[in-house]
Amino acid sequence: MPTWLNDAVFYEIYPQSFMDSNGDGIGDFQGIIDKLDYIRGLGCNAIWMNPCYDSPFQDAGYDVRDYQKAAARYGSNDDLVRLFEAVHKRDMHILLDLVPGHTSEEHEWFKLSSKAEPNEYSDRYIWTDNWFQAPEGLKHVAGESERNGVYVLNFFKCQPALNYGFLHPEQPWQKGMDDPACVATKEALKDIMRFWLDKGCDGFRVDMADSLVKNDDEKKSGTCMIWKEIRKMLDESYPEAALVSEWNRPELAIPAGFHMDFCLDWGGNCYNLLMRDLKDGVNNSFFRKDSTRSILDFFGEYLQSYEQIKKKGHYCLITGNHDTVRASYYLDVRELKLAYAFLFTMPGNPFLYYGDEIGMRYQAQLITKEGGYTRTGSRTPMQWDDTKNHGFSSADAEMLYLPVDITPNTPTVAAQEQDSESLLHMVKEILKIRGEKEDLKDNGNLELLYGKEGERAFAYCRGGLLMMCNPSGQEAVLEEKLLSGPNRSKTELLSGRTELLGAEKLFEIGSTEYADGRFTLGAQSFVIWQI
Ligand code: NOJ
Ligand code: CA
């Protein structure tokens, strides 16, 4: 495990929209460099940056045309290296986004692969051997190439799937994983990783990490074999390089070699229930004041995964990402504060999506940009202040990558810096505590102490820190003697230490009182006690 992951708190940057340093309307590497002190000041010491490679941008850069070249709109490879250096100078780390499963249809490999004449790249992608033969169960495209065949897609039409082979090839055109062409794909992936690690990046967020081997089994045995091999390469040559998977199955991803996996909204939906539970117009997200959910709706699923991997890797909670609707669409500021207090005191490395620290709004009305569709509304320019374009860019408004949010009272960093009650202040406060408390860095010490069906308030413990939350609009009472966890029997946690307790509240939203063995949790409250 890279040592720096022990206390890493990530900030996710969508480079298009973070900071434009040269007035062309789109964010760039220099813009990020200019804002590193801001990110550090939030309490984040690591960055994940979305793809920044040369691309036709039909999927915001997840359609890579050249893995070893920075997209000109963000700067040059040298500028990217300057960004790595500026990050390291501040004792921070940065992950690039690795897209191993597919390229752009404009990638040189794919152009060669599409040729009728066989060549070195013919089997770099997955082709059937006849123009009317569709690959069963796999997304594909026919009728676009001079080559007599149909090719497999990984996501959008612009993203042909790279060929890592089939777990059990059944058709003549399906290669096994050890076919030289599939081995060459895997080696090319390693080359890309080494290329950027040698230039100074600290690891990768891995896009669709489960998507490599086709017709894989339920346990993704084929894909896992590849990641194990890659992890071996890292352990041998880059032991401080980190890998986080977009997978949401930590029980598979961590043993396969990932250091961290994301808790996401697919493959199970417990994460959505916290902040994005909107169905048929009813918002029942757990942190909503009037939600009917219990925290067990989340913990039931989460703990099953967490318990399996807690000694070996991190299961990471996110405020949102470039694919999700912003949490502020579902929760008001008070509710967001409770949600963030929870996320940032949980195990794993938290990920804060740019703009979520001020509660930037989801722009539902926007027309899709670069394959964003409903995701576009979460990708608008960062709102720094009240100057032109909220300080994002000096370009004219119509030149901007996406319009800035100009709705009344839209949040900005500058305004929230002035307001001690702001979401931004709260984020800084809780991340400061996270940075200082060893118990919040220990990945293995989470215990759910109280949570019941039909009840809203809950309590959990991390070593010597006791967290309690009541997201509802009514006061709640928790009996101390009912709090228990795997390592704590139903003995009194605090007995005889009540006076001491008063002095040892580390953090508080709303109000919580303790007297005579009972905690009274005010409406919409969150507290951290040092016990
Ligand atoms: C997941 C990425 O997060 C998303 O933005 C992208 O469109 C797909 N993978 C395809 O690469
Ligand atoms: Ca720019």
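Look a little higher up for the structure.
Residues numbered from 1 in each chain as written. Chains lettered and ligands numbered in written order. Predicted model: local features only at pLDDT ≥ 70, side-chain atom pairs only at ≥ 80, totals over all residues. Heavy atoms only, no water.

## Some words on the packing of aromatic side chains
What the rule picks out here adds up to 47 aromatic pairs. Between F287 and F342, the ring centres sit 5.8 Å apart and the planes meet at 45°, which makes this aromatic pair tilted. Of this pair, F287 sits in the loop between strand 12 (282–283) and helix 9 (296–309) while F342 sits in helix 10 (residues 333–343), and the two are 55 residues apart along the sequence. Here F287 matches F342 in class, with each residue buried. Ring plane angle 50° and centroid distance 4.6 Å describe the contact between Y514 and F519, whose orientation is recorded as tilted. For F519, a relative accessible area of 0% corresponds to the buried category. An aromatic cluster is built from F286, F287, F298, F299, Y302, Y306, Y315, F342, F458 and Y460, whose rings are joined through pairwise contacts. The residue whose ring lies beneath R73 is F57, and the NZ or CZ to ring-centre distance is 3.3 Å. The aromatic ring of Y354 is capped on one face by R326, whose charged end is 4.8 Å from the ring centroid. (Phe/Tyr/Trp six-rings, centres within 6.5 Å; stacked < 30°, edge-to-face > 60°. Helix = DSSP H or I, 4+ residues; strand = E, 2+ residues; numbered from the N terminus. Buried < 20%, exposed > 50% of the residue type's maximum accessible area, 1.4 Å probe, protein only. Lys NZ or Arg CZ within 6 Å of the ring centre and 35° of its normal.)

## Considerations on the coordination of the calcium ion (ligand 2)
Protein-derived ligands of the calcium ion (ligand 2) are D20 (OD), N22 (OD1), D24 (OD), I26 (O) and D28 (OD), with the metal-ligand distances lying across 2.2 to 2.4 Å. Each donor residue of the calcium ion (ligand 2) belongs to the same chain, with the gaps between them written as D-x1-N-x1-D-x1-I-x1-D. On the basis of relative accessible area, D28 is assigned to the buried category, the value being 3%. (Donors = N, O, S within 2.8 Å, 3.2 Å for Na, K, Ca; no water.)

## Overview of the environment of I318
Relative to the elements of secondary structure, I318 occurs in the loop between strand 13 (314–316) and helix 10. Owing to a relative accessible area of 1%, I318 belongs among the buried residues under this scheme. In contact with I318, other than residues within four places in its own chain, are F262, C263, L264, Y271, M275, L343 and F351. (Contact = heavy atoms within 4.5 Å.)

## A closer look at the site of ligand 1
Around ligand 1, the structure places 13 residues, and the nearest of them are D59, D207, H322, D323 and R375. The contact in question runs from an oxygen atom of ligand 1 to an N or O atom on the side chain of D59, over 2.6 Å. In the environment of ligand 1, an oxygen atom lies 3.0 Å from a nitrogen or oxygen atom belonging to the side chain of R375. When the free accessible area of ligand 1 is taken as 300 Å², the share hidden by the protein chains comes to 98%. Taken together, the residues that form the shell around ligand 1 break down as 3 nonpolar, 3 polar and 7 charged. (Near = heavy atom within 4 Å. Polar contact = N/O pair within 3.5 Å; in protein donor to acceptor, adjacent residues only side chain to side chain. Areas by Shrake-Rupley, 256 points an atom, 1.4 Å probe, with all protein chains shown as cover. Nonpolar A, V, L, I, M, F, W, Y, C, P; charged D, E, K, R; others polar.)

## Examining the pairing of strand 2 (residues 46–49)
Burial along strand 2 is two-sided: the residues A46 and W48 and I47 and M49 are all buried. As defined by bridge partners, strand 1 (residues 10–13) adjoins strand 2 across 4 bridges and the pair is classed as parallel. Looking at strand 2, one finds that I13 is bridged to M49. Sheet analysis places strand 2 next to strand 5 (residues 93–98), joined by 3 bridges and oriented parallel. Across the sheet, the residue bridging to I47 is I94, located in strand 5. (Pairing = 2+ DSSP bridges.)

## Remarks on unusual backbone geometry
In the Ramachandran plot, N215 falls in the positive-phi region, its phi being about 50° despite a non-glycine side chain. Its place among the elements puts N215 in the loop between strand 8 (203–206) and helix 6 (221–237). Overall, the relative accessible area of 40% leaves N215 in the partly exposed class. Phi at N248 takes a positive value of approximately 65°, unusual for a residue other than glycine. Relative accessible area serves as the criterion here: at 6%, N248 is assigned to the buried category.

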